[in-house]
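Architecture at a glance
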Amino acid sequence: MSVLTAERKVLNLKILVVGDSGVGKTCFIYQFCDGKFYPNYVSTVGCDCRNVTTDVDGTRMQLQIWDTAGQERFRTLTSTYYRGASGIILMYDVTNEGSFNNITYWLENIVHNASQDVCKVLVGNKCDKNERQVDYRRAQIFADSYDMKLEEISAKKNQNLEQVFESLCTTIMEQRQQRLSHQEHVESEIKESQVKLSGKEKSKSWCGC
Ligand code: GTP
């Protein structure tokens, strides 16, 4: 079985959810994993991890979803969890402008702590609420400028949650496929130049005879 086929069978991915305290990271993960919404706010201490299996485009994904604490006092700790992450969900609250402005902080944090090629998706939560402070267009322009996809969701109403993971996992798979194609291309170029070289050597030795 080729590496590609094996990788297509089950893909193990570490996914981190980051963003300011109270944007709804825990509720989002619980809703996605358990199909339940917990309205009582209990701030995350340190980090929490959930495992879930899902299918994206016919590929089975084993997702390890890490719920990080948004509170400032845990930020040094949060940065230690970026290691080995394939994808990061950056969450803000559409009714809280400050949480959107702070996305640049989280992006800087990612640059300093995560791998260079980590895939990211921007997620605006609580779109069931009326008191919106961040409009979709503005968030879309911002997401585009960082080459991220944008999803607006409601963890409360279970709206668009699947879409977030689909977007992120598709981006991760596309990136892996590109890397693999690039690697195959480089390998075939090396082989080709080796063949050319040995051909030259042969003709050289023949000429010399
Ligand atoms: P920290 O653990 O402190 O980082 O916070 P968090 O980002 O994990 O937030 P949490 O999931 O605990 O949610 C904070 C509050 O927002 C809770 O009171 C939730 O009930 C509420 N909340 C979360 N998601 C939604 C949503 O989609 N809509 C509405 N209306 N409220 C939500």
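Refer to the structure printed above.
Parameters at a glance
- Residues numbered from 1 in each chain as written.
- Predicted model: local features only at pLDDT ≥ 70, side-chain atom pairs only at ≥ 80, totals over all residues.
- Heavy atoms only, no water.
- Core = buried A, V, L, I, M, F, W, Y, C linked by side-chain atoms within 4.5 Å.
- Buried < 20%, exposed > 50% of the residue type's maximum accessible area, 1.4 Å probe, protein only.
- Helix = DSSP H or I, 4+ residues; strand = E, 2+ residues; numbered from the N terminus.
- Contact = heavy atoms within 4.5 Å.
- Salt bridge = Lys/Arg side-chain N within 4 Å of Asp/Glu carboxyl O.
- Phe/Tyr/Trp six-rings, centres within 6.5 Å; stacked < 30°, edge-to-face > 60°.
- Lys NZ or Arg CZ within 6 Å of the ring centre and 35° of its normal.
- Near = heavy atom within 4 Å.
- Polar contact = N/O pair within 3.5 Å; in protein donor to acceptor, adjacent residues only side chain to side chain.
- Areas by Shrake-Rupley, 256 points an atom, 1.4 Å probe, with all protein chains shown as cover.
- Nonpolar A, V, L, I, M, F, W, Y, C, P; charged D, E, K, R; others polar.
- Pairing = 2+ DSSP bridges.
- Axes fitted to C-alpha atoms, helices over the stretch in contact; angles between N-to-C directions.

**Some words on the nonpolar core**
Across soluble globular proteins, you tend to see nonpolar side chains buried next to one another. Judged by nonpolar contacts, the single largest core of 27 residues is most densely connected at F28, L63 and I89. Breaking this core down by element, the ones donating at least two residues are β1 (10-19), α2 (25-34), β2 (47-56), β3 (59-68), β4 (87-93), β5 (119-125) and α7 (161-208). Top contributing element to this core by residue count: α7, with seven residues. Sequence-distant contacts of F28, that is, excluding residues within four places in its chain, are made with V17, I89, M91, I153, A155, L161, V164 and F165. Among the nonpolar cores identified, the runner-up in size contains 24 residues, and C47, A114, V118 and L150 belong to it.

**Examining the pattern of salt bridges**
Counted under the stated rule, the structure contains seven salt bridges. For D34, the salt bridge is made with R50, and the minimal N-O distance between the two is 2.7 Å. With D34 in helix α2 and R50 in strand β2, the pair connects residues that are 16 residues apart, well separated along the chain. Here D34 falls in the partly exposed class, since its relative accessible area comes to 32%.

**Regarding the packing of aromatic side chains**
In total, this model carries eight aromatic pairs according to the counting rule given. With centroids separated by 5.5 Å and ring planes inclined at 0 degrees, the aromatic side chains of F28 and F165 adopt a geometry described as stacked. Of the two residues, F28 is situated in helix α2 and F165 in helix α7; the sequence distance between them amounts to 137 residues. Judged by relative accessible area, F165 falls into the buried class, the value being 2%. Ring geometry for F32 versus F165: centroids 4.0 Å apart, planes at 25 degrees, classification stacked. With a gap of 133 residues between them, F32 in helix α2 and F165 in helix α7 connect regions that are remote in the sequence. A relative accessible area of 14% places F32 in the buried class. Put simply, the rings of Y92, F100, F142 and Y146 touch in pairs and so form one group of aromatic residues. A cation over an aromatic ring shows up here: R50 above the ring of Y30, its NZ or CZ 5.4 Å from the ring centre.

**Some details on the site of the ligand**
Not every one of the 23 residues close to the ligand is listed here, only the nearest: S21, K25, Y41, S43 and T44. C27 is positioned such that a nitrogen or oxygen atom in its backbone is 2.9 Å from an oxygen atom of the ligand. In the environment of the ligand, an oxygen atom lies 2.6 Å from a nitrogen or oxygen atom belonging to the side chain of S43. Notes on the ligand: free accessible area 660 Å², of which the protein chains cover 91%. With three residues, α2 is the single largest residue contributor to the shell around the ligand. By residue class, the composition of the shell around the ligand is eight nonpolar, nine polar and six charged.

**Section: the sheet that holds β2**
In a beta sheet, neighbouring strands are held together by backbone hydrogen bonds and run either parallel or antiparallel to one another. If you walk across this open sheet you meet the six strands as β2-β3-β1-β4-β5-β6, and the pairing is mixed. Looking at which strands have only one partner, the edges of the open sheet turn out to be β2 and β6 (149-152). Taken pair by pair, the neighbouring strands of this sheet meet at an average axis angle of 25 degrees, ignoring direction. Note that β1 and β3 share eight bridges and pair parallel. From the neighbouring strand, V17 faces β3, where its bridge partner is D67. Docked against the sheet, α2 engages β1, β2, β3 and β4, running at close to 150 degrees with respect to β3. Running over the sheet, helix α5 (residues 103-113) touches β1, β4 and β5 and is turned about 165 degrees from β4.

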